[in-house]
Amino acid sequence: MKLYNVLLRFFRLVNRLYFVDIRAAGAERLPRRGPLIVAANHPGSILDSILLATHIPRPIHYLARSGLFRWPVAAALFRQLGAIPVYRPREDADHATRNADMFSRVHELLDAGGCVGIFPEGQNSPAGQVGPLRTGAARIALAAEARHEWRLGLRIAPIGITYENHDFLMSAVMLGFATPIRVDAYASLYRTDPDAAVRRLTDDLQQALRRRTLHSEDRKLDELAAELAGVGAQGP
């Protein structure tokens, strides 16, 4: 991950040049060690990955669509950065086998106490809102805990990303960190009905992201920060 650390310094410079201000509300909630899934909404494409990487003090192994690995040079770069490709049926006829390898890699990282980054909408967010979440993040998290008889200690950290304007350049940004979700809290339901546990965890994650994400074109960042802080006082 040496390249990751080198690029972090470059990305911090990009942040200073690209954004007028970046605030983080509730960052102290983020676990500094232990297995973690970082799950965020996705309004700004690659900018979202950069913002999270530069504000989370541990390496993040992002799940990324396989199309980004299409070119050998790009694939080598992304793999050096720890990214893990996810294959969709329309992109690869052998997606099931390839994604089985992806799940194995993710489980190895979480078993070792690593941090995995997921944008659970599976695409860029609709303007001004958090879109419906796919169930992949919940399935990965629950399977990882179940493999360890619910003693892994895995948490999901929902992080809302809000840009003050949708042009992004010279925008102000707010990162809203929700209280991490303990995956072992879904153990009883998972034992009796795994699909219901996946749905409930996905719903809880979506609600946490919506509470930490507020979009407005005409609100100053300080007002947004105050509103997010007020929401944080009410819970995740």
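In case you missed it, the structure is sitting above this.
Just so we're clear, the structure is a prediction, and the values are computed from it rather than from any experiment.

> Explain the packing of aromatic side chains to me, using residue names and the numbers behind them.
Under the counting rule described, the total for this entry stands at five aromatic pairs. Judged by centre distance (5.1 Å) and plane angle (70°), the rings of Tyr-18 and Phe-19 are edge-to-face. Classification of Tyr-18 by relative accessible area gives partly exposed; the value is 26%. Taken together, the ring pairs connect Tyr-18, Phe-19 and Tyr-163 into an aromatic cluster.

> Could you give an account of the layout of surface pockets, naming the residues involved and the relevant values?
Reported here for the largest pocket is a volume of approximately 1,200 Å³. Taken together, 42 residues line the largest pocket, and the ones lying closest to its centre are Leu-63, Ala-64, Arg-65, Leu-68 and Phe-119. Elements that contribute at least two residues to the lining of the largest pocket include exactly helix H1 (2-18), helix H2 (46-55), strand E3 (61-65), helix H3 (72-80), helix H4 (95-111) and helix H5 (136-147). Per-class residue counts for the lining of the largest pocket are 27 nonpolar, 11 polar and four charged.

> If you had to explain the packing of H1 against H2 to someone new, which residues and values would you point to?
Look at H1 against H2: their axes get within 9 Å of each other, and the N-to-C directions meet at 110°. One finds that H1 runs roughly perpendicular with respect to H2. In the crossing of H1 with H2, the sense of the turn from one axis to the other is left-handed. Residues Tyr-4, Leu-8, Phe-11, Arg-12, Asn-15 and Tyr-18 of H1 form the contact with H2, whose own contacting residues are Leu-47, Ile-50, Leu-51, Ala-53, Thr-54 and His-55. For the contact of H1 with H2, the residue count by class is eight nonpolar, three polar and one charged.

> With reference to specific residues and values, describe the nonpolar core.
Residues Leu-110 and Ile-156 are the most contacted members of the largest nonpolar core, which totals 31 residues. If you list the elements that add at least two residues to this core, you get strand E2 (36-40), H4, strand E5 (115-118), H5 and helix H7 (194-211). Ranked by the residues each element gives to this core, the list is headed by H5, at six residues. If you look at the next biggest cluster of nonpolar residues, it comprises 26 residues, including Leu-30, Leu-36, Leu-47 and Phe-168.

> Account for a nonpolar patch on the surface, with residues named and values stated.
A contiguous nonpolar surface patch, about 280 Å² in accessible area, is contributed by Val-20, Leu-169 and Met-170. Relative to the helices and strands, Leu-169 resides in the loop between strand E6 (155-163) and strand E7 (172-177).

> Help me get a handle on the packing of H5 against H7, residues and values and all.
With their axes 8 Å apart at the nearest point, H5 and H7 run at an angle of 120° to one another. Our classification of the angle between H5 and H7 gives oblique. The chirality of how H5 crosses H7 is right-handed. Contacts between H5 and H7 involve Ala-137, Ala-138, Arg-139, Ala-141 and Leu-142 from the first element and Asp-195, Ala-197, Val-198, Leu-201, Thr-202 and Leu-205 from the second. When the residues that make up the contact of H5 with H7 are grouped by side-chain class, the tally is eight nonpolar, one polar and two charged.

> Quick one: what's the story with the pattern of salt bridges, residue by residue and with numbers?
Scanning all chains against the criterion turns up five salt bridges. Ionic pairing is found between Arg-147 and Asp-111, a salt bridge with its closest N-O pair at 3.1 Å. Placement of Arg-147 in helix H5 and of Asp-111 in helix H4 is noted, with a sequence separation of 36 residues between them. The exposure class of Asp-111 is partly exposed, given its relative accessible area of 34%. For the salt bridge of Asp-184 with Arg-182, the shortest nitrogen-to-oxygen distance reads 2.8 Å. Using a relative accessible area of 42% as the deciding quantity, one classes Arg-182 as partly exposed.

Reading the values: the criteria
- Residues take numbers from 1 onward in each chain, read along the sequence in its written order.
- In keeping with the model being predicted, local features are shown solely for residues with a pLDDT of at least 70 and side-chain atom pairs are shown and tallied solely at 80 or more, while totals for entire chains, interfaces and linings include all residues.
- Side-chain metrics rest on all non-hydrogen atoms present in the structure, leaving aside hydrogens and water.
- Any Phe, Tyr or Trp ring, taking Trp's six-membered ring, that has another such ring centre within 6.5 Å forms a pair; planes under 30 degrees apart are called stacked, those over 60 apart edge-to-face, and the others tilted.
- A 1.4 Å probe rolled over the protein chains alone gives each residue an accessible area, and that area as a share of the maximum for its type sets the label: buried under 20%, exposed over 50%, partly exposed in between.
- Only protein atoms enter the 1 Å grid used here, on which a cavity is any set of points holding a 1.4 Å probe that cannot leave and a pocket is any open set flanked by protein within 12 Å on both sides along at least five of seven lines; residues with an atom within 4 Å of a point are listed as lining.
- Grid points are joined across faces, edges and corners, and a volume is the space filled by probe spheres set on the points.
- By definition, any uninterrupted DSSP run of H or I lasting at least four residues is a helix, any uninterrupted run of E lasting at least two residues is a strand, and each is numbered from the N terminus.
- Gly is put with the polar residues, along with every residue not named as nonpolar or charged; the nonpolar set is Ala, Val, Leu, Ile, Met, Phe, Trp, Tyr, Cys and Pro, and the charged set is Asp, Glu, Lys and Arg.
- Under this scheme, a helix contributes an axis fitted over its contacting stretch, all axes are lines through C-alpha atoms, and angles between N-to-C directions fall in the 0 to 180 degree range.
- Each angle gets one of four labels, with under 35 degrees taken as roughly parallel, over 145 as roughly antiparallel, 65 to 115 as roughly perpendicular, and the rest as oblique.
- Rotating anticlockwise by less than a right angle from the far helix to the near helix defines a left-handed crossing, while the corresponding clockwise rotation defines a right-handed one.
- Pairs of residues are marked as contacts when any of their non-hydrogen atoms sit within 4.5 Å.
- What we call a nonpolar core is a set of buried Ala, Val, Leu, Ile, Met, Phe, Trp, Tyr and Cys residues that are connected through their side-chain atoms within 4.5 Å.
- For patch building, the residue pool is restricted to those with more than 30% relative accessible area and no salt bridge; the joining distance is 9 Å between like charges and 5 Å between nonpolar side chains (Val, Leu, Ile, Met, Phe, Trp, Tyr).
- Shrake-Rupley sampling with a 1.4 Å probe provides the accessible areas, and residues are treated as covered by the protein chains on show and by no other component.
- A pairing counts as a salt bridge when a side-chain nitrogen of Lys or Arg comes within 4 Å of a carboxyl oxygen of Asp or Glu.

Without other data, these values stay purely geometric and don't point to any function.
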